[in-house]
Amino acid sequence: MSNNIKKIGKSLKRGGMLETSPLCLYFEDNAPADAVPMVNVDTCVAKAILTAAVDKNTPALYIGHDSIKGLCLGGITWLGFSKKISSHIKYFVSTGHENFRNGTAEYLKASPKLFEKFTESIGPITLPRKYLVVRSCDNFNEEEHSEISMDSEEGNHHVLCSFLCFGNGQQIRNLCSLIHFRTGNPFESIIGPFGPACATMITYPAQLAEKTPKNAAFIGPVDPTGNVWFPQDYMALGIPLNIAKNMCHDLKDSFAFKRPEVAYPEVRDDIRPRDISK
């Protein structure tokens, strides 16, 4: 199975017939010379990453402790750059607190207690390297970054590299089906977990959270607070390296190649309202 990042990216794009660029997310100890701080694109990490996928003119992006100023505090925490979570966040995400933002709440959780259980269930979030880098797979230089072509660090749960795809319903459905080409258990390989958009895109696929399932891709985001900028007909699919390698290997044996008329129908039998009372 190929470790070639560019080849995997092409396979993901072909498997979903994506119009956006599959992204490679990886970690290293030095900020790439050809990359810019993510905050230069947007203060929201997830929004900046989506921009990198849809706009081919966006350069590679990075985040490090020296480049987090101005970014969303939630994103900084969810990516492991801050270990402190405000004691009021559990109220803000759930029912609100009079001493925090005048009681403003997101009502994403039924109670503060449930948010506490949620954070306990994912475990601590830590980084395997100093910098998170996001770049289009098409622009990945294999020779410069050969050290990330491994599944995980020795003795560490972190994945040094993961992939991220954006697409419409049909495109993401096909990529999910390609993941299931190799699965035995249909209930474990693709998960739509609670969390902010940046968790779906980075934290979970890269297994930054200690208790993240090891062999799952993550579909979402399920956080409605991003709906104001996330396209209505799009979904994101965060894919760990080991699963992406399997997808690349399986592509030509799967429905995507052998039954393209089913995966990507040129003529559609759209459902139309009809009178069934007669």
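Residues numbered from 1 in each chain as written. Predicted model: local features only at pLDDT ≥ 70, side-chain atom pairs only at ≥ 80, totals over all residues. Heavy atoms only, no water.

Undergrad: Tell me what's going on with the overall build of the protein chain, and back it up with residues and numbers.
TA: For the protein chain, the helix and strand inventory stands at 10 helices and 8 strands. In terms of overall size, the protein chain behaves like a compact globule, its C-alpha atoms giving a radius of gyration of 20 Å where 278 residues would be expected to give roughly 19 Å. Reported as C-alpha extents along the three principal axes, the dimensions of the protein chain are approximately 65 × 55 × 35 Å. Expressed as a percentage of the 278 residues in the protein chain, the buried residues total 47%. Of the contacts made within the protein chain by residues no fewer than 6 positions apart, 74% connect residues no fewer than 24 positions apart. About 14,400 Å² of surface is accessible on the protein chain, with carbon and sulfur atoms providing 50% of the total. Placing the 30 positive and 30 negative side-chain charges of the protein chain at their respective mean positions leaves the two points 3 Å apart. (Helix = DSSP H or I, 4+ residues; strand = E, 2+ residues; numbered from the N terminus. Rg over C-alpha atoms; globule rule 2.2 N^0.38 Å. Buried < 20%, exposed > 50% of the residue type's maximum accessible area, 1.4 Å probe, protein only. Contact = heavy atoms within 4.5 Å. Areas by Shrake-Rupley, 256 points an atom, 1.4 Å probe, with all protein chains shown as cover. Lys, Arg positive; Asp, Glu negative; His and termini not counted. Charge placed at Lys NZ, Arg CZ, Asp CG, Glu CD.)

Undergrad: I'd like a rundown of the environment of Leu61, residues and numbers included.
TA: With respect to the helices and strands, Leu61 occurs in strand S3 (residues 60–63). Along the primary structure Leu61 and Ala31 are separated by 30 residues, whereas in three dimensions their C-alpha atoms are 9.2 Å apart. Leave out the neighbours within four places in its chain, and Leu61 touches Ala35, Val36, Met38, Val41, Ala48, Ala52, Leu132, Val133 and Val134.

Undergrad: Go over the side chain of Ser189, please, and point to the residues and values.
TA: Within the secondary structure layout, Ser189 lies in the loop between helix H6 (169–180) and strand S6 (190–191). Note on Ser189: relative accessible area 11%, which makes it buried. In this structure Ser189 touches Ile179, His180, Thr183, Asn215, Ala216 and Ala217, once residues within four positions along its chain are discounted.

Undergrad: A description of the nonpolar core should follow, citing residues and the corresponding values.
TA: Counting residues in hydrophobic clusters, the biggest one holds 42 residues, and the most contacted among them are Leu23, Val45, Ile49, Ile63, Phe166, Met201 and Ile202. Mapped onto this core, the elements with two or more residues apiece are strand S1 (23–28), helix H2 (45–54), S3, helix H3 (73–78), helix H5 (112–122), strand S4 (131–136), strand S5 (161–167) and helix H7 (197–203). With 7 residues, the single largest contributor to this core is H2. In contact with Val45, other than residues within four places in its own chain, are Met38, Ile63, Leu71, Leu79, Cys198 and Ile202. Core analysis: the second largest hydrophobic core is formed by 34 residues, Cys24, Val133, Phe140 and Leu237 among them. (Core = buried A, V, L, I, M, F, W, Y, C linked by side-chain atoms within 4.5 Å.)

Undergrad: Break down the pairing of S5 for me, citing the residues and quoting the values.
TA: Taken across its 7 residues, S5 has 7 buried, putting it largely inside the fold. The alternating pattern of S5 places Cys161, Phe163, Cys165 and Gly167 and Ser162, Leu164 and Phe166 on opposite faces, both of which are buried. Here 4 bridges tie S1 to S5, and the two strands are oriented antiparallel to one another. If you follow Leu25 over to S5, its bridge partner there is Ser162. The sheet contact formed by S5 and strand S8 (residues 235–240) spans 6 bridges and is antiparallel. Residue pairing for S8: Phe166 is matched across the bridge by Ala236. (Pairing = 2+ DSSP bridges.)

Undergrad: Report on the packing of aromatic side chains, specifying residues and quantitative values.
TA: In this structure the tally under the stated criterion is 9 aromatic pairs. Their ring planes at 80° and their centres at 4.8 Å tell us that Phe118 and Phe194 sit as a pair that is edge-to-face. Placement of Phe118 in helix H5 and of Phe194 in the loop between S6 and H7 is noted, with a sequence separation of 76 residues between them. Residue Phe194 is classed as partly exposed on the basis of its relative accessible area of 24%. When the ring of Trp229 is compared with that of Phe230, the centres are 5.6 Å apart and the planes differ by 65°; the resulting orientation is edge-to-face. Judged by its relative accessible area of 8%, Phe230 is buried. Directly above the aromatic system of Phe257 lies the positively charged group of Arg14, at a separation of 4.5 Å from the ring centroid. Sitting over the ring of Phe194, Lys109 keeps its end group 4.3 Å from the ring centre. (Phe/Tyr/Trp six-rings, centres within 6.5 Å; stacked < 30°, edge-to-face > 60°. Lys NZ or Arg CZ within 6 Å of the ring centre and 35° of its normal.)

Undergrad: Account for H5, with residues named and values stated.
TA: Turning to H5, its buried residues number three or more, namely Pro112, Phe115, Phe118 and Ile122. When H5 is viewed along its axis, its buried side chains cluster within an angular range of 110° and face the same direction. Every exposed residue of H5 that faces more than 90 degrees away from the buried side is listed here: Lys113, Lys117 and Glu120. Contact partners of the buried residues in H5: H3 and helix H4 (89–92). Count one or two residues on from H5 and you reach Gly123, which has phi positive near 80°. (Arc of directions from axis to C-beta.)

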